[in-house]
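The primary structure of each chain is shown beneath.
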Amino acid sequence: MENLISLVNKIQRACTALGDHGEEGAMPTLWDSLPAIAVVGGQSSGKSSVLESVVGKDFLPRGSGIVTRRPLVLQLHKIDEGREYAEFMHLPRKRFTDFAAVRQEISDETDRETGHSKAISTVPIHLSIFSPNVVNLTLIDLPGLTKVAVDGQPESTVKDIDNMVRSFIEKPNCIILAISPANQDLATSDAIKISREVDPKGERTFGVLTKIDLMDQGTNAVDILEGRSYKLQFPWIGVVNRSQADINKSVDMIAARRREREYFSSSPEYRHLANRMGSEHLGRVLSKHLEVVIKSRIPGLQSLVSKTIGELEAELSRLGKPIAADTGGKLYVIMEISRTFDQIFKEHLDGVRSGGEKVYGVFDNQFPAALKRLQFDKHLSMENIRKLITEADGYQPHLIAPEQGYRRLIESSLLCIRGPAEAAVDAVHGILKDLAQKSINETTELKQYPTLRVEVANAAFESLERMKEESNRATLQLVDMECGYLTVDFFRKLPQDIDKGGNPTHSLFDRYNDSYLRRVGHNVLNYVNMVCSSLRIAIPKSIVYCQVREAKRILLDHFFAELGAKEARQLAKLLDEDPAVMQRRTLLAKRLELYRSAQSEIEAVAWSK
């Protein structure tokens, strides 16, 4: 069972090293879930003397006013033999064998935190004592409760101490060691008052009665010790500490323990209770109870640790890996993140992710609908046909079908297709830009580096813009090619009968009759529709080739080429991570290490049971 307390000691030290000592914060805290014994008492209640009696050493600072101004996590380790020594967690490689030096270091470390003022601090001091004269036990010594601030302390000190004490003892995993002097009315005991408020049933409160030997003649503490005056779930324990004269004379603590045992065994009032009185009994009872409580908490601790490890890993994954230190490492990180974005972009186009189907929608719906909306009838009105054909005659009329007139009518009609063609190019460009932005948002690693995110976005948009320009050029060339070369078979099939045309002897604008002009318009419309059908297939092919295919193939090639020429300083600028994110990652990594270590330690203890 002894390794249970050692387990908690180890985890508590690790928590404190991380800055996790039960204070409220955004991170889960393991400290609050660990069983602990908090020592509570008013000033001059004998709290320090009780602790020293349990340890068997004179090591705590003494003086007037509020001496304890920081929580002291006191971890006792029983050793089989050897010289007693102490270690502070903030001085891990230094052993103290002189306990007067331990007392001085507690004072000095308190001043380091509070700035040599008389203020208090919630940051604990960790002290481990190794001795053959102790039991395995962890105690948290808290500042003594007081009603008045001393000189040099702010008026809020009284309330601050009260809040600090409550922050420890309100936790359901905290065992309360309430120290009360026997020579004062129990009803006025600060320790009993505050423990009653947080633990009204006394289920986790141990009552310790000090200064029994200083009670007025004719009075005794039997009613309290037997639980009649104030009942707790656990029996009260009385102790007899060293007197001030003993302290001044530096009376040996082991001798003081012996005198304490003699006092209870020889006093008529307490002789029947002697087997459960004294500081040695108190240490054994607390050690045994702490072991039982820790054992009962093991399953809950395992569950908490496993759950928290999962949460920490998820958040670390979201924050991404830390920045590499060398130039090659930085370049590798940038390239890998950029490739991740590029892969996500391709997945959108290939249908692995949604969005690529919108390109097909342009070709299947938007572009054909735009072609159908073209008003060729305006270009092929009787007036326009007569005008263009007549102008094409020049200074002498055509004797056969007016070829130049046909050409002008067809060209002017086909030019209308440029608008829908350019609109299709623009529509696909807009879709590709939206998919690029969506892919950037879905690339988790880019959230880690705002500057790189902007640079990758700019590079992608610039590439898409170049592809759009090339696509626009190629697509309009398809339309222009149809305008520049008319199918020969079309003219061969045109009727050559002059009777179906106009009369060359008529005036310039009356040369062709309406029937003939309508026939010309019909022939032109048939040809234009034939070309529209052809372009409806060819233009999407051109757009896919120049935009979609190229975007999949070389979206970031230009960006990658530029990266190779950048200096280390420029690469570092691309990875200018938010300092808050860096700090958060470091803290999370340390906390994850703590929880994984705790998980291993807890599982080892659980299996051994």
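Residues numbered from 1 in each chain as written. Predicted model: local features only at pLDDT ≥ 70, side-chain atom pairs only at ≥ 80, totals over all residues. Heavy atoms only, no water.

- Looking at an unreviewed UniProt entry, one finds the chain named Dynamin-related protein 1B and attributed to Pyrus ussuriensis x Pyrus communis.
- The UniProt entry for the chain carries this comment under Sequence similarities (unreviewed entry): "Belongs to the TRAFAC class dynamin-like GTPase superfamily. Dynamin/Fzo/YdjA family."
- Its UniProt record gives the chain the following Subcellular location (unreviewed entry) comment, quoted word for word: "Cytoplasm, Cytoskeleton, Phragmoplast". (UniProt positions renumbered as here; feature names shortened; annotations may be inferred.)

## A look at the overall build of the chain
Turning to step 1, where the next piece is worked out: Regarding its fold elements, the chain presents 22 helices and 9 strands.
Turning to step 2, where the next piece is worked out: A buried classification covers 49% of the 609 residues belonging to the chain.
Turning to step 3, where the next piece is worked out: In the chain, of all internal contacts separated by at least 6 residues, the share reaching a separation of at least 24 is 80%.
Turning to step 4, where the next piece is worked out: Carbon and sulfur atoms make up 51% of the accessible area of the chain, which amounts to about 29900 Å² in all. (Helix = DSSP H or I, 4+ residues; strand = E, 2+ residues; numbered from the N terminus. Buried < 20%, exposed > 50% of the residue type's maximum accessible area, 1.4 Å probe, protein only. Contact = heavy atoms within 4.5 Å. Areas by Shrake-Rupley, 256 points an atom, 1.4 Å probe, with all protein chains shown as cover.)

## Brief notes about the nonpolar core
Turning to step 1, where the next piece is worked out: In this structure, F341, L452 and F559 are the most contacted members of the largest nonpolar core, which totals 68 residues.
Turning to step 2, where the next piece is worked out: No other element matches helix α19 (residues 514–554), which puts 13 residues into this core.
Turning to step 3, where the next piece is worked out: With residues near it in sequence (within four places) discarded, F559 still touches I334, S338, L452, E455, V456 and A459.
Turning to step 4, where the next piece is worked out: If you look at the next biggest cluster of nonpolar residues, it comprises 53 residues, including L34, V54, I125 and V134. (Core = buried A, V, L, I, M, F, W, Y, C linked by side-chain atoms within 4.5 Å.)

## Topic: the sheet that holds strand β7 (residues 174–181)
Turning to step 1, where the next piece is worked out: With mixed pairing, the 9 strands of this open sheet are ordered in space as β4-β3-β5-β2-β6-β1-β7-β8-β9. The open sheet is flanked by β4 (91–96) and β9 (237–238), the only strands paired with a single partner.
Turning to step 2, where the next piece is worked out: With 7 bridges joining them, strand β2 (residues 72–78) and strand β5 (residues 125–131) adopt parallel strand pairing. Residue pairing for β5: V73 is matched across the bridge by H126. (Pairing = 2+ DSSP bridges.)

## Some remarks on the packing of helix α15 (residues 418–442) against α19
Turning to step 1, where the next piece is worked out: Remark: α15 packs on α19, axes separated minimally by 11 Å, with the N-to-C direction vectors making an angle of 35 degrees. Classified by chirality, the crossing of α19 by α15 is right-handed. Of the residues in α19, those touching α15 at A421, A424, V425, V428, H429 and L432 are I539, I543, Q547 and V548.
Turning to step 2, where the next piece is worked out: Its residues assigned to classes, the contact of α15 with α19 comprises 8 nonpolar, 2 polar and no charged. (Axes fitted to C-alpha atoms, helices over the stretch in contact; angles between N-to-C directions. Left-handed = near helix turned anticlockwise from the far one by under 90°. Nonpolar A, V, L, I, M, F, W, Y, C, P; charged D, E, K, R; others polar.)

## Concerning the side chain of S49
Turning to step 1, where the next piece is worked out: By the secondary structure assignment, S49 is in helix α2 (residues 47–55).
Turning to step 2, where the next piece is worked out: On the basis of relative accessibility, which here comes to 12%, the residue S49 falls in the buried class.
Turning to step 3, where the next piece is worked out: Excluding residues within four positions of it along the chain, S49 makes contact with R62, N241 and I247.

## What to know about the pairing of β4
Turning to step 1, where the next piece is worked out: With 2 bridges joining them, strand β3 (residues 85–88) and β4 adopt antiparallel strand pairing. Along β4, the bridge assignment pairs A86 with F96.
Turning to step 2, where the next piece is worked out: Here β3 folds back onto β4 in antiparallel fashion, the turn holding 2 residues.

## Here's the deal with the packing of aromatic side chains
Turning to step 1, where the next piece is worked out: All told, the structure shown has 8 aromatic pairs when counted by the stated rule.
Turning to step 2, where the next piece is worked out: Look at Y85 and F130: their rings are 4.6 Å apart centre to centre, the planes differ by 15 degrees, and that puts the pair in the stacked class. With Y85 in strand β3 and F130 in strand β5, this residue pair connects regions lying 45 residues apart in the sequence.
Turning to step 3, where the next piece is worked out: Look at Y85 and you get buried, because its relative accessible area is 13%.
Turning to step 4, where the next piece is worked out: The exposure class of F130 is buried, given its relative accessible area of 16%.
Turning to step 5, where the next piece is worked out: Look at F264 and Y270: their rings are 6.0 Å apart centre to centre, the planes differ by 75 degrees, and that puts the pair in the edge-to-face class. The pair F264 / Y270 is uniform in exposure class, with both members buried.
Turning to step 6, where the next piece is worked out: In textbook terms, an aromatic cluster arises when at least three aromatic residues are bridged by ring pairs, as seen for Y263, F264 and Y270.
Turning to step 7, where the next piece is worked out: Geometry around Y85 places R95 over its ring, the cationic atom sitting 3.9 Å from the centre.
Turning to step 8, where the next piece is worked out: In this structure, K433 is placed above the aromatic ring of F461, and the distance from its NZ or CZ to the ring centre is 5.2 Å. (Phe/Tyr/Trp six-rings, centres within 6.5 Å; stacked < 30°, edge-to-face > 60°. Lys NZ or Arg CZ within 6 Å of the ring centre and 35° of its normal.)

## Focus: the environment of C174
Turning to step 1, where the next piece is worked out: With respect to the helices, strands and loops of the structure, C174 is situated in strand β7.
Turning to step 2, where the next piece is worked out: What makes C174 buried here is its relative accessible area of 6%.
Turning to step 3, where the next piece is worked out: Each C-alpha atom, one on C174 and one on T205, is 9.0 Å from the other, the two residues being 31 residues apart in sequence.
Turning to step 4, where the next piece is worked out: Beyond its immediate sequence surroundings of up to four residues, C174 is in contact with A36, A38, F168, I169 and R204.

## Considerations on the side chain of S279
Turning to step 1, where the next piece is worked out: The residue S279 is located in helix α9 (residues 279–319) in this model.
Turning to step 2, where the next piece is worked out: Taking the relative accessible area as the measure of exposure, S279 reaches 2% and is therefore buried.
Turning to step 3, where the next piece is worked out: Within the local environment of S279, its side chain forms a polar contact with the side chain of E260, the two groups lying 2.9 Å apart.
Turning to step 4, where the next piece is worked out: The contacts of S279, once residues within four sequence positions are left out, are S53, V54, V239, R257 and E260. (Polar contact = N/O pair within 3.5 Å; in protein donor to acceptor, adjacent residues only side chain to side chain.)

## Structural notes on the pattern of salt bridges
Side-chain pairing between opposite charges can occur once the charged atoms of the two side chains come close.
Turning to step 1, where the next piece is worked out: Throughout the structure, instances matching the rule amount to 29 salt bridges.
Turning to step 2, where the next piece is worked out: Here E105 makes a salt bridge to R112, at a shortest N to O gap of 2.8 Å.
Turning to step 3, where the next piece is worked out: Of the residues examined, R112 reaches a relative accessible area of 51% and is grouped as exposed.
Turning to step 4, where the next piece is worked out: Of the charged contacts in the structure, one is a salt bridge between R418 and D480, with a shortest N-O distance of 2.7 Å. Pair noted here: R418 is in helix α15 and D480 is in helix α17 (residues 450–484), with a separation of 62 residues, a long-range link.
Turning to step 5, where the next piece is worked out: Judged by relative accessible area, R418 falls into the partly exposed class, the value being 26%.
Turning to step 6, where the next piece is worked out: Members of the salt-bridge network, linked through shared partners, are R70, E105, E109 and R112. (Salt bridge = Lys/Arg side-chain N within 4 Å of Asp/Glu carboxyl O.)

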